[in-house]
Amino acid sequence: MHEQAASIKSYTLVFLSLLILTAATTVVAFIDLGPLNVVMALFIAVVKMMLVALFFMHLRYSTVLTKVVVGGGMLWLGILLLLSLSDFVTRGWLPVPGK
Amino acid sequence: MITEAVPERETYLNASHGIKSWLLTKDHKRIALLYLHTITFFFFLGGIFATLIRLELLTPKGTLVSADTYSKLFTLHGIIMVFFFLIPSIPATLGNFFLPMMIGAKDLAFPRINLLSWYLLVIGGCFALYAMLAGGVDTGWTFYVPYSSNYSNTYVIATGIGIFIAGFSSILTGLNFIVTVHRMRAPGMTWFRLPLFVWSNYATALIQVLGTPVIAITLVLLICERTLHIGIFDPARGGDPVLFQHLFWFYSHPAVYIMVLPALGVISELVSVFAKKPVFGYKVVAFSSVAIAVLGFLVWGHHMFVSGQSVYAGLVFSFLSYFVAIPSAIKVFNWTATLHRGSISYATPMLYAFGFIGLFTVGGLTGLFVACLGVDVHVHDTYFVVAHFHYIMVGGTIMAYLGGLHYWWPKMSGRMYPEGWAKLSALVIYLGFNLTFFPQFILGYLGMPRRYWNYPDEFQVLHVMSTAGASVLAVGYLMPLVYFMWSLRYGPIAGPNPWGATGLEWQTASPPPAHNFDETPIVTTEAYDYAALAAREEVNVG
Amino acid sequence: MDSHTETAELREQFETPAQQKEISTLGMWIFLVTEIMFFGGLFLAYAIYRREFADVFALASNTLDAVIGAVNTAVLICSSFTMVLAVRAAQIGSRKALIVFLILTILFGGVFLGVKAYEWDQKFEEHHVPGPTFHLEGTTQQGPAQLYFSLYFTMTGLHALHMIIGEGLMLFLLWHAYKRKYTPSYYTPVDIGGLYWHFVDIVWIFLFPLLYLIARHQH
């Protein structure tokens, strides 16, 4: 399966978007959005990640299996983070002494 | 025994000569044998530590060794058995040898990475051996902080590095297997025609790839904590020791499935061949392997019920832990259904399979005992848990490993092992095992803590029984070592398919040629299709 | 089995070069998933402690220079850009362009590492390195403040280690490109080297806001 070489133009567009998003995340950090600050920061980071993965890493043109592999990796990171945090976040929730 | 002249046919064993041809091989079959030697060495080394432990526990007070030395004994026993024997065992030996053959491939996807995996295990093992000889490590194989990070004066770092490197070996094997099964199957070998042994090793590979990196980072953090005092687990800095346990068990629970899933795959093969019946509910059994792999990642907190973890999290983990028992139980039911109205042969591999099914069931059911939060509060850190996991790891995995070794021995070596001695050792192992570990359930339930070097007098009888069992078990394990080696020279020559099994590995010579098959197989039959096999054989004879 | 003599483009165990390329790429992606889980442990520690010590972490984070961090992020993005152009050059058989873009990638990577070294040196000067000489102005919680910096050094350190390995890989690719090893029908090492490089970039894409931009509005 021979892939077409993507155009320099499309790579440049992605590159510039990444730079703009970097500037954006920096600027937004200086504005007080309360709890939304961390949401914005993560959201922008995820968008940048998607741009790099889909276009620079050619995930867009990859096989379904590759996409499942990447999705699986993200899911497993999610399991590690969320299930572990479920301990720390819920300490003291149940009225049991010392817990 | 008649020693026949071995026909001068080219096999993977004589295709090239000299030590370089082994140490620089790319042949998955030779790499499997390299692993076989390495893990056998570690098994007996771990066994020596077990022997010393059981000898010390013959008496209630310390006799043979000091308390500190005792701590080193159980730590080293655990580390060697888990990381340098059980985790590589079946995948790196039987998996490496047979997975490519079972799918009709010439080799794994990345043969040189396969060789690298072996070297990494050996190098990791060297670090562990160094730590052992320099003075040992006494933290328990679980390395809990703050003892391992702040207080232990033993070789924690060297051991940690050794395990880190061995973990890399495991990751690369898993990576290799996943890619191979997805992309290197012969024409006609669809997913649902794969032998169940392949499904099990595939599911195991998923765990190796997803879980092992987490223990890798855990060891890095432990080493940083120990050397640089970064404080990440240190309450004085605001750190939390329970974080270490989360990171440790996120891997180490799925690790137990790395240790047992390939064994479950072996048993599926044995039950089918020695009942001459296709495995009942093939698809369900195949999916159950993947289910175990996935669910196994969601339950690690059941090791931490009394650690200071939140009760809410404890409830969630306890609840989820019940689910992971279901696919395992499904396998046992399906094997039973396979046996029903089968044409059963009691060859040695089948004896091991029967032993496995009973002992794994006991181990699995007692897993449910400890999954129950309330019960675990009482039996945590007692011999009840020790008995539970030894029933699975020894009564389960090691029996399956031996069963698989006997089953595939003629294919790997071209020789048959002596059936009489083999049956006897299977029996000795079974009896020795139960005498060793059943008393430990009782000991644990009565309150005997694990990792203790002395104990109240009233526990002595049970400990003596356990040690007696261990001596019997040791004899049982030594016997195959002797007769397998004997068989290489004096065993009867084996044909391509001494068991009448289906599966592509039985359609090539014993031992196989270096390139596995003379022509790429084209698969047209389902797995375990004994009727098709019989028809094929009639055609060959006629 | 149809046997063929082994070349770099078609190893013995594969049937076609296309199969080999696809399988090599899949293998690299799976390796990157293991890297996700490897870094994941650190991100977990970060999430737990940032949540628990939000104010101290914010204070500590503000001692980093956000502009330098942003510029360094841009430098790394430039290196990913030149990397993807290098892969493209290999794909169309442009050896000179491949060599130029690999060199640029290495240079950008080097700049990133140099800036990182400077930033670390600043932290040493300011006594923000966890240990007996540590002190962070503006808080009594010196313990958790050290936790922030432990995470800072561990996470950026592990990232930098991966960058250094990446630089090594790039030099390897550069050498082989110079020796005319890559053609439009065989440039897999460049491709999968690129995947590794981009992954390390993605890790930084998360490290930058999480370490530098916790609460900049609170200077």
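Because the structure is predicted, anything quoted here is derived from the model rather than measured.

A. Quick peek at the overall build of chain B. When its secondary structure is counted, chain B shows 17 helices and zero strands. Since a compact globule built from 542 residues should have a radius of gyration of about 24 Å, the 23 Å found for chain B is in line with a globular shape. Its C-alpha atoms give chain B principal-axis dimensions of roughly 80 × 45 × 45 Å. Across the 542 residues of chain B, 61% fall into the buried class. Nonlocal contacts in chain B, meaning residues at least 24 apart in sequence, comprise 82% of its contacts between residues at least 6 apart.

B. View of the overall build of chain C. The secondary structure content of chain C amounts to six helices and zero strands. Written out in order from the N terminus, the α and β elements of chain C read α-α-α-α-α-α. Buried residues in chain C amount to 64% of all 219 residues. For chain C, restricting intrachain contacts to residue pairs at least 6 apart in sequence, the fraction spanning at least 24 positions comes to 78%. Counting every atom, chain C has about 8100 Å² of accessible surface; 64% of that belongs to carbon and sulfur. Seen as two clouds, the 13 positive and the 18 negative side-chain charges of chain C have centres 8 Å apart.

C. A look at a nonpolar patch on the surface. All names here are of chain A. Where nonpolar side chains cluster on the molecular surface, the patch consists of V27, I31, L33, L36, V38, V39, M40, L42 and F43 and spans about 740 Å² of accessible area. If you tally residues by element for the nonpolar patch, the top one is helix 2 (residues 36-56), at six residues. By the element assignment, V27 lies in helix 1 (residues 8-29).

D. Summary view of unusual backbone geometry. All names here are of chain B. A cis amide bond links V145 to the next residue, P146, at an omega of 5 degrees. One can find P146 in the loop between helix 5 (111-134) and helix 6 (147-151). Positive phi, close to 65 degrees, is recorded for R451, a residue that is not glycine. For R451, the location among the structural elements is in the loop between helix 15 (419-446) and helix 16 (460-490). On the accessibility criterion, R451 (28% relative accessible area) is partly exposed.

E. Geometry of the side chain of B:S89. Residues and elements named next belong to chain B. For S89, the position within the fold is in helix 4 (residues 89-103). Since its relative accessible area comes to 2%, S89 is described here as buried. A distance of 2.8 Å separates the side chain of S89 from the backbone oxygen of L86, its partner in a polar contact. Among residues more than four places away in sequence, those in contact with S89 are I39, L94 and T397.

F. Representation of the interface of chain C and chain B in the model. Counting from both sides, the interface comprises 38 residues of chain C and, opposite them, 43 residues of chain B. Between chain C and chain B the total buried area reaches about 3200 Å² when both faces are included, carbon and sulfur atoms providing 69% of it. Between chain C and chain B we count two salt bridges in total. As a salt-bridge pair, C:E6 and B:K26 come within 2.8 Å of each other at their nearest N and O atoms. Taken together, the connections running from chain C to chain B amount to nine residue pairs in polar contact (both at pLDDT 80 or more). Those elements giving two or more residues to the side of chain C that touches chain B turn out to be helix 1 (17-52) and helix 5 (142-178) of chain C. Take the side of chain C that touches chain B: its biggest share by element is 18 residues, from helix 1 of chain C.

G. Broad picture of the packing of helix 1 of chain A against helix 2 of chain A. Residues and elements named next belong to chain A. Their axes nearest at 10 Å, the elements helix 1 and helix 2 cross at an angle of 170 degrees. What the angle tells us is that helix 1 and helix 2 run roughly antiparallel. Along its contact with helix 1, which presents Y11, V14, F15, S17, L18, L21, T22, A24, T25, V28 and A29, the element helix 2 presents N37, M40, A41, I44, V47, K48, L51, V52, F55 and F56. Split into classes, the residues belonging to the contact of helix 1 with helix 2 amount to 16 nonpolar, four polar and one charged.

H. Quick peek at the interface of chain A and chain C. Each partner contributes to the interface: chain A provides 48 residues, whereas chain C provides 48 residues. When the two sides are added together, the surface that chain A and chain C hide from each other amounts to roughly 4100 Å², 80% of it contributed by carbon and sulfur. Summed over the three residues of chain A that lose the most area to chain C, namely A:F30, A:F56 and A:M57, the buried surface amounts to 14% of that side. Joining chain A to chain C, the criterion identifies zero salt bridges. The tally of links from chain A across to chain C stands at two residue pairs in polar contact (both at pLDDT 80 or more). Elements with a contribution of two residues or more to the side of chain A that touches chain C: helix 1, helix 2 and helix 3 (64-89) of chain A. When residues in the side of chain A that touches chain C are grouped by element, the largest group, 14 residues, is from helix 3 of chain A. For the side of chain A that touches chain C, a count of residues per class yields 33 nonpolar, 12 polar and three charged.

I. Up close: the packing of helix 9 (residues 241-273) of chain B against helix 11 (residues 311-339) of chain B. Residues and elements named next belong to chain B. Interhelical geometry of helix 9 versus helix 11 gives an angle of 15 degrees and a closest axis separation of 10 Å. On the basis of the axis angle, helix 9 is roughly parallel to helix 11. Viewed along their axes, helix 9 and helix 11 form a crossing whose handedness is left-handed. On the side of helix 9, the interface is formed by Y257, L264, I267, S268, V271 and S272, while helix 11 contributes V324, K331, W335, T338 and L339. The residue inventory of the contact of helix 9 with helix 11, partitioned by class, reads seven nonpolar, three polar and one charged.

J. Quick peek at the packing of aromatic side chains. Residue and element names in this part refer to chain B. Under the definition given, this model contains 69 aromatic pairs over all chains. For the pair F42 and F84, a centre-to-centre distance of 5.2 Å together with 35 degrees between the ring planes defines the contact as tilted. Placement of the pair is F42 in helix 2 (residues 28-56) and F84 in helix 3 (residues 67-86), with a sequence separation of 42 residues. Among the residues examined, F42 registers a relative accessible area of 3% and is labelled buried. For F84, a relative accessible area of 0% corresponds to the buried category. These aromatic residues form a ring-pair network of at least three members: Y12, F97, F98, F197, F274, Y407, W408, W499 and W506. The ring of W22 carries the charged tip of R30 above its face, separated from the ring centre by 4.2 Å. One residue, K283, lies across the ring of F192, its end atom 4.7 Å from the ring centre.

K. Examining the pattern of salt bridges more closely. Residue and element names in this part refer to chain B. For the structure on display, the rule yields 11 salt bridges over all chains. One salt bridge connects K29 with D27, and the closest N-O pair in it is separated by 3.0 Å. A relative accessible area of 0% means that K29 is categorised as buried. On the basis of relative accessibility, which here comes to 11%, the residue D27 falls in the buried class. For E526, the salt bridge goes to R193, with nearest N and O atoms at 3.1 Å. Separated by 333 residues along the polypeptide, E526 in the loop between helix 16 and helix 17 (530-541) and R193 in the loop between helix 7 (156-183) and helix 8 (196-228) bring together distant segments of the chain.

L. Quick look at the environment of C:G143. Mapped onto the secondary structure, C:G143 falls in helix 5. Along the primary structure C:G143 and C:G131 are separated by 12 residues, whereas in three dimensions their C-alpha atoms are 10.0 Å apart.

M. Structural view of the side chain of B:S152. Here B:S152 lies in the loop between helix 6 and helix 7. Residues contacting B:S152, with those up to four places away along its chain left out, are B:D138, B:T139, B:Y147 and B:R226.

Thresholds, definitions, all that
- Residues numbered from 1 in each chain as written.
- Chains lettered and ligands numbered in written order.
- Predicted model: local features only at pLDDT ≥ 70, side-chain atom pairs only at ≥ 80, totals over all residues.
- Heavy atoms only, no water.
- Helix = DSSP H or I, 4+ residues; strand = E, 2+ residues; numbered from the N terminus.
- Rg over C-alpha atoms; globule rule 2.2 N^0.38 Å.
- Buried < 20%, exposed > 50% of the residue type's maximum accessible area, 1.4 Å probe, protein only.
- Contact = heavy atoms within 4.5 Å.
- Areas by Shrake-Rupley, 256 points an atom, 1.4 Å probe, with all protein chains shown as cover.
- Lys, Arg positive; Asp, Glu negative; His and termini not counted.
- Charge placed at Lys NZ, Arg CZ, Asp CG, Glu CD.
- Patch = residues over 30% accessible without salt bridge, like charges linked within 9 Å, V, L, I, M, F, W, Y side chains within 5 Å.
- Salt bridge = Lys/Arg side-chain N within 4 Å of Asp/Glu carboxyl O.
- Polar contact = N/O pair within 3.5 Å; in protein donor to acceptor, adjacent residues only side chain to side chain.
- Buried area = accessible area lost by both parts, 1.4 Å probe.
- Axes fitted to C-alpha atoms, helices over the stretch in contact; angles between N-to-C directions.
- Parallel < 35°, antiparallel > 145°, perpendicular 65-115°, else oblique.
- Nonpolar A, V, L, I, M, F, W, Y, C, P; charged D, E, K, R; others polar.
- Left-handed = near helix turned anticlockwise from the far one by under 90°.
- Phe/Tyr/Trp six-rings, centres within 6.5 Å; stacked < 30°, edge-to-face > 60°.
- Lys NZ or Arg CZ within 6 Å of the ring centre and 35° of its normal.

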